[in-house]
Amino acid sequence: MDKRYQIGPWNSFRETLCDEVGADPDVALFLPEGYFDACLAGYDTENACFVYYSDKVIECFVEHQDMDLEEAMEWFSYNVAGSKGDGFPTYIESLNITNE
C-alpha cells in the first residue's frame, strides 16, 4: 500500500477515529492532512470513506492558505472535491441554523 495514504502511528487522531468507526486501517483511506480535522463530519460506513464539511474546508483555505473566497472555492472544486475514487472523502455542506 502507498504509505502516503496509510493511516498509521503518524496520526493518532485518525488512527483513533478509524478504531471508533470500525474502519480498516489497512485499507487506503484518503484523508486531508493538517488543519482539516476541524472539518470532519463523520465516517460513511456504506462507502468506507470519511465525510468532511465542504464549506469548512473552504474556510480553512481562506484562513490558512492566504486565499480569497473565490480562489478557495475554485481550488476546492477542482483539486479537492474533484478527486474521486475508492476511499476518497465525501464532502457535504454544514447546516448553519440559528435560533432567532
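Everything discussed here concerns the structure shown above.
Caption draft 1: The arrangement of unusual backbone geometry in detail. For A48, which is not a glycine, the phi torsion comes out positive at approximately 50°. Looking at the element boundaries, A48 is found in the loop between β1 (40-44) and β2 (49-53). Given a relative accessible area of 30%, A48 falls into the partly exposed group. Although it is not a glycine, D66 adopts a positive phi angle of roughly 55°. Its place among the elements puts D66 in the loop between α2 (54-64) and α3 (69-80).

Rules used in this analysis
Residues numbered from 1 in each chain as written. Predicted model: local features only at pLDDT ≥ 70, side-chain atom pairs only at ≥ 80, totals over all residues. Heavy atoms only, no water. Helix = DSSP H or I, 4+ residues; strand = E, 2+ residues; numbered from the N terminus. Buried < 20%, exposed > 50% of the residue type's maximum accessible area, 1.4 Å probe, protein only.

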